[in-house]
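# A structural walkthrough
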Amino acid sequence: MLCSAVCFPWLLPPPLLQDLTEEAVLLFFKAFLASAIENLNRKLLKMETTQRNVPTYLALSIFNLLCCCLPLGIAALIFSLRVENAAGTGDMERASQASRTARMLNIIGIVVGVIFLIIIIVVVVLGRNAK
C-alpha cells in the first residue's frame, strides 16, 4: 500500500471518501446500479411496445423478393428494414411511413408476379397447342 501511495498518489481516495466504510460504499454502488438497471428496463420496455405497433412486413417482403417480383421485393425489403431501424430509434412517424411504403410495394409486387405467372402459363399452353 505504501508503494502505491507514494508512486501513484491519484489512487488514494479523496479525504471525504476515506472516512466512509466499505459497507457504505457498497450500499451506494448497489443503489446506483439498481437505479440504472430500472431506468434501462423502462427504456427497453418503452422501445419494445413502440416497435410492436408498426408492422414491418419483413416476411412478406422476403417472400415477394424470392417468389414474385425481384425488383419490387428488393425495394420492399429495404423499406421493411427501414421500419425496424426507425422504430428502434423511436421515430414512429418515419417508421409508419416506411411501413405503408413496404406494404404498397409488396402488394404491387405480388400482383405483378401473379400477372407475369399467368402470362407465362398462357404462353406455354398456347405454344404446346400450336405444335
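Structure: above.
Because the structure is a prediction, the values reported are computed rather than measured.

### Here we look at helix 5 (residues 70-89)
If you check helix 5, its first and last C-alpha atoms are 29 Å apart, about what 20 residues at 1.5 Å a residue would give, namely 28 Å. Of the positions making up helix 5, those classed as buried are Gly73, Ala76, Ser80, Val83, Ala86 and Ala87. Mapping the buried residues of helix 5 onto a view down its axis gives an arc of 150°, with all of them on the same face. Among the exposed residues of helix 5, those oriented more than 90 degrees off its buried face are Leu70, Pro71 and Thr89. Taken from the residues just after helix 5, Gly90 is the one with a positive phi, measuring 90°.

### Concerning a nonpolar patch on the surface
Taken together, Phe28, Phe29, Phe32, Leu33 and Ile37 make up a surface patch of nonpolar side chains, about 550 Å² in accessible area. In this structure, Ile37 sits in helix 3 (residues 22-53).

### Quick look at the nonpolar core
Among the nonpolar cores identified, the biggest contains six residues, and these are Val54, Val83, Ala86, Ala87, Ala95 and Ala98. If you list the elements that add at least two residues to this core, you get helix 5 and helix 6 (92-130). Ranked by the residues each element gives to this core, the list is headed by helix 5, at three residues. Contact partners of Val54, with chain neighbours within four places excluded, come to Val83, Met92, Ala95, Ser96 and Ser99.

### With respect to the pattern of salt bridges
According to the stated counting rule, one finds two salt bridges in the structure shown. The shortest N-O distance in the salt bridge between Glu38 and Arg42 comes to 3.2 Å. Note that Glu38 and Arg42 are positioned in helix 3 at a spacing of four residues, about one turn of the helix.

Reading the values: rules and limits
Residues numbered from 1 in each chain as written. Predicted model: local features only at pLDDT ≥ 70, side-chain atom pairs only at ≥ 80, totals over all residues. Heavy atoms only, no water. Helix = DSSP H or I, 4+ residues; strand = E, 2+ residues; numbered from the N terminus. Expected span 1.5 Å × (residues − 1). Buried < 20%, exposed > 50% of the residue type's maximum accessible area, 1.4 Å probe, protein only. Arc of directions from axis to C-beta. Patch = residues over 30% accessible without salt bridge, like charges linked within 9 Å, V, L, I, M, F, W, Y side chains within 5 Å. Areas by Shrake-Rupley, 256 points an atom, 1.4 Å probe, with all protein chains shown as cover. Salt bridge = Lys/Arg side-chain N within 4 Å of Asp/Glu carboxyl O. Core = buried A, V, L, I, M, F, W, Y, C linked by side-chain atoms within 4.5 Å. Contact = heavy atoms within 4.5 Å.

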